[in-house]
Amino acid sequence: MIDKSRTKVIQKGKREKGPVLYWMSREQRADDNWALLYAQEKAMDMKVPLLVCFCMAPSFLGAPYRAYDFMLKGLEETEKSLLAKKIPFLLLEGEPDKNIFILVRRYSVSEIVTDFDPLRIKQQWKRKAGETIKIPIHEVDSHNIVPCWETSSKKEFAARTIRSKIHRLLDRYLVSFPDLLSHPFPLEKDIPGVQWREIQRRLKADRSVSPVPWLVPGSQGGMAILERFITERLERYPLDRNDPGIPGLSDLSPYLHFGQISPQRAALEVSFSGKEEEAKEAFLEEIIVRRELADNFCFYTPFYDSFNSFPGWARNSLNEHRQDRREYIYSFRELEDAETHDELWNAGQMEMLTKGKMHGWMRMYWAKKILEWSTSPEEALERAILLNDRYELDGRDPNGYTGIAWSIGGLHDRAWPSRPLFGKVRYMNNRGAARKFNVKRYIEQVKGRV
Ligand SMILES: Cc1cc2nc3c(=O)[nH]c(=O)nc-3n(C[C@H](O)[C@H](O)[C@H](O)COP(=O)(O)OP(=O)(O)OC[C@H]3O[C@@H](n4cnc5c(N)ncnc54)[C@H](O)[C@@H]3O)c2cc1C
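Heads up: these notes are all about the structure in this document. (Residues numbered from 1 in each chain as written. Predicted model: local features only at pLDDT ≥ 70, side-chain atom pairs only at ≥ 80, totals over all residues. Heavy atoms only, no water.)

Let's shift gears to the site of the ligand. Residues in contact with the ligand amount to 26 residues; listed here are only the nearest, Tyr237, Ser250, Asp251, Lys357 and Asn388. Side-chain polar atom of Tyr237 to an oxygen atom of the ligand: 2.6 Å apart, as the coordinates give it. Taking Glu286, its side chain carries an N or O atom lying 3.1 Å from a nitrogen atom of the ligand. With the chains in place, 91% of the 820 Å² that the ligand exposes on its own is no longer accessible. Among the secondary structure elements, those contributing two or more residues to the shell around the ligand are helix 11 (253-257), helix 13 (277-300), helix 17 (360-372) and helix 19 (398-409). When grouped by side-chain class, the residues that make up the shell around the ligand number 9 nonpolar, 9 polar and 8 charged. Three or more residues apiece are contributed to the shell around the ligand by two domains, here domain 2 (143-176 + 209-302) and domain 3 (307-449). (Near = heavy atom within 4 Å. Polar contact = N/O pair within 3.5 Å; in protein donor to acceptor, adjacent residues only side chain to side chain. Areas by Shrake-Rupley, 256 points an atom, 1.4 Å probe, with all protein chains shown as cover. Helix = DSSP H or I, 4+ residues; strand = E, 2+ residues; numbered from the N terminus. Nonpolar A, V, L, I, M, F, W, Y, C, P; charged D, E, K, R; others polar. Domains from an automatic or database assignment.)

Rendered as structure tokens:
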């Protein structure tokens, strides 16, 4: 039995007699997926078929071809895994609420189970679907180890305030997954397989941002990356993770963002890895506490991508410094093309353009410089989000909106001694970077890759 507290009824309604529909969205995988397991549990109880669908909207927060390619290849693998368990999969193109409505009618769907996602657009899709659909809709948090609504009922101030709330519930939620069963109740009508090549061909996404060859999309690719991280990098994670010139991070974020692997699976594998406690703790702090703090922020702050989401002290302080003289102001195009006077910043931007993933330490520096080189904090925020969501494979994610608000607006941080332009928001500079790592080596490495 799935722990009911991971699930929520977001719409009551009258159950029909047909299959249970799992409306897959954030969790694009067959294994280790509480939402899918819950949908199967319901279908088994009612002795009805289980159907999975994914709705692909015509555009999604500026996602370019790079993101769609990564996602579609992952979904193609997911379709195969589901079919192996006798669970049909449909990919629907167009407005999600309309497609779900048509599907529910066509199959007399009895109930819908879908994934939790704190982003506004996802919540709107569900709200709109609920306006026309009269059957029950359930939401399952399969992304946070401790369900977002169980951790806290309010926006948390910082990692220090959410940490103990998460840790006290980990014994209950950080548990192993049951297997997805081969589903014993087949659908009467056969569903034709998805025409993946045709869908790729029809895509309208911006193809100038091309796929990246260094990561293999999909759940198997993600599990291989996790295994490599545990065997080759985890032991040195506390030492290497703040050096962009060293391959010390897990590189899991694209897989986590598209739900191709489960954060809970990653946390379990790391916990049982037999590596040093200090290394395990350092990694678990990021993948559990920091990541779940980001979902908490977006869930309880519907305007998470605006100046008003910053803490009061930071807004006041940034307001006081609006008129400060800026030594450099760059246009959006100059930033996008990595044409600033700062070689380190340009390297971070180039890493993102070419690799689709900037190093974590560089992301903080990168966003803070955008604040320094823009005409206002609002403009800086908008530019950082646009660039992040367009080029990062893991973009369009609560982690991104939170990381940018941390860098530009002091979110989850404390006030620092005031200085021009930044006010009390933490400042970072090139000299600080040089004290932490070999800046020249990182720049050369990125140049070598271009
Ligand atoms: C300005 C800025 C923008 C960012 N944009 C994104 C984004 O678009 N998408 C995204 O997933 N992350 C974003 N982050 C957070 C973090 O930088 C990335 O999660 C991390 O670099 C991803 O690489 P990794 O998986 O190899 O990291 P690892 O260090 O191996 O971490 C493993 C996992 O822990 C979580 N994690 C690590 N650091 C953080 C953090 N600071 N906040 C929340 N979760 C964290 C992520 O899920 C990550 O995949 C951003 C941070 C900043 C400062």
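With that settled, the discussion passes to the sheet that holds strand 5 (residues 111-115). A sheet is described by the order of its strands in space; here 6 strands give the open sequence 1-6-5-2-3-4, paired in mixed fashion. In this open sheet, the two strands that pair with only one neighbour each are strand 1 (7-11) and strand 4 (89-93). Within the sheet, the average angular offset between the axes of one strand and its neighbour, ignoring direction, is 25°. Taken together, the 4 bridges between strand 5 and strand 6 (residues 137-140) define a ladder with parallel strand orientation. Note on strand 6: the bridge partner recorded for Thr114 is Glu139. (Pairing = 2+ DSSP bridges. Axes fitted to C-alpha atoms, helices over the stretch in contact; angles between N-to-C directions.)

Turning our attention to unusual backbone geometry. Despite not being glycine, Asp251 has its phi angle at roughly 65°, a positive value. Secondary-structure assignment places Asp251 in the loop between helix 10 (237-240) and helix 11. Within the chain, His412 stands out as a residue other than glycine whose phi angle is a positive 60°. Judged by relative accessible area, which is 14%, His412 ranks as buried. (Buried < 20%, exposed > 50% of the residue type's maximum accessible area, 1.4 Å probe, protein only.)

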